[in-house]
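What the coordinates show
If you want the building blocks of each chain, they are given just below.
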Amino acid sequence: MEVVAGLMRKIPAGKISLRDDRKKQTWTVNVAEFWLSKYLVTQELFTLIMDINPSLFRHPRRPVENVSWHDAAEFCNRQSKRENLEACYYPTKDRKSTR
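What counts and how
Residues numbered from 1 in each chain as written. Predicted model: local features only at pLDDT ≥ 70, side-chain atom pairs only at ≥ 80, totals over all residues. Heavy atoms only, no water. Helix = DSSP H or I, 4+ residues; strand = E, 2+ residues; numbered from the N terminus. Buried < 20%, exposed > 50% of the residue type's maximum accessible area, 1.4 Å probe, protein only. Contact = heavy atoms within 4.5 Å. Areas by Shrake-Rupley, 256 points an atom, 1.4 Å probe, with all protein chains shown as cover. Axes fitted to C-alpha atoms, helices over the stretch in contact; angles between N-to-C directions. Parallel < 35°, antiparallel > 145°, perpendicular 65-115°, else oblique. Nonpolar A, V, L, I, M, F, W, Y, C, P; charged D, E, K, R; others polar. Expected span 1.5 Å × (residues − 1). Patch = residues over 30% accessible without salt bridge, like charges linked within 9 Å, V, L, I, M, F, W, Y side chains within 5 Å. Salt bridge = Lys/Arg side-chain N within 4 Å of Asp/Glu carboxyl O. Phe/Tyr/Trp six-rings, centres within 6.5 Å; stacked < 30°, edge-to-face > 60°.

Moving on to the overall build of the chain. When you go through the chain residue by residue, the secondary structure sums to 2 helices and 6 strands. Secondary structure elements in the chain, listed N-terminal to C-terminal, are β-β-β-β-α-α-β-β. Relative to its 99 residues, the chain shows a buried fraction of 23%. In the chain, 36% of the contacts between residues at least 6 apart in sequence involve partners at least 24 apart. Only carbon and sulfur atoms are counted for the fraction: they give 55% of the accessible area of the chain, which is about 7900 Å².

Below, the structure written as structure tokens:
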């Protein structure tokens, strides 16, 4: 895969209305701006960044699946670094990641 840079797009800050149908409640949440990949993460891209492919249904163009939370956070941090963005997941001692 040649193109990895430029995959991220800035999502502007804003408000979103949420609801819980079970409790019949609605509320509004302020969301800070964030970066989001404009494409699904393919097995090809995940393997390029992480040097592993945990997927059970293997094909380079299929979305990666069977990914742990830790590996997803690590992928995001590595991709952020490639895009000259700040990493936003910080692993704890027990290998769990928090924002």
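Okay, the packing of helix α1 (residues 43–50) against helix α2 (residues 69–82) next. For the pair α1 and α2, the least separation of the axes is 10 Å and the interaxial angle reads 80°. Comparing the axis directions of α1 and α2 gives the class roughly perpendicular. Contacts between α1 and α2 involve L45, F46, I49 and M50 on the former and, on the latter, D71, E74, F75, R78, Q79 and R82. Class assignment of the residues belonging to the contact of α1 with α2 gives a composition of 5 nonpolar, 1 polar and 4 charged.

For the rest of this paragraph, the subject is α2. Taking 1.5 Å of rise per residue, the 14 residues of α2 would be expected to cover 20 Å, and the 20 Å separating its terminal C-alpha atoms lies within 8% of that figure. Of all the positions in α2, only H70, A73, F75, N77, Q79 and S80 are classed as buried. The first or second residue beyond α2 is N84, which carries a positive phi of 60°.

Moving on, we come to a nonpolar patch on the surface. A cluster of nonpolar side chains, namely I16, L18 and W27, defines an oily patch on the protein surface of about 260 Å² accessible area. Along the polypeptide, I16 turns up in strand β2 (residues 14–20). Residue classification places I16 among the partly exposed residues on the basis of a relative accessible area of 42%.

One pass over the full model with this rule turns up 2 aromatic pairs. Ring centres of F46 and F75 lie 5.4 Å apart, and the angle between their planes is 20°; on these two criteria the pair is classed as stacked. With F46 in helix α1 and F75 in helix α2, this pair connects stretches of sequence that are 29 residues apart. Plain terms: the ring middles of W69 and Y89 are 5.8 Å apart, the flat faces sit at 90° to each other, and that makes the pair edge-to-face. Separated by 20 residues along the polypeptide, W69 in helix α2 and Y89 in the loop between α2 and β5 (90–91) bring together distant segments of the chain. Residue class for Y89 comes out buried when judged on its relative accessible area of 19%.

Read these as layout, nothing more, since geometry by itself doesn't imply function.
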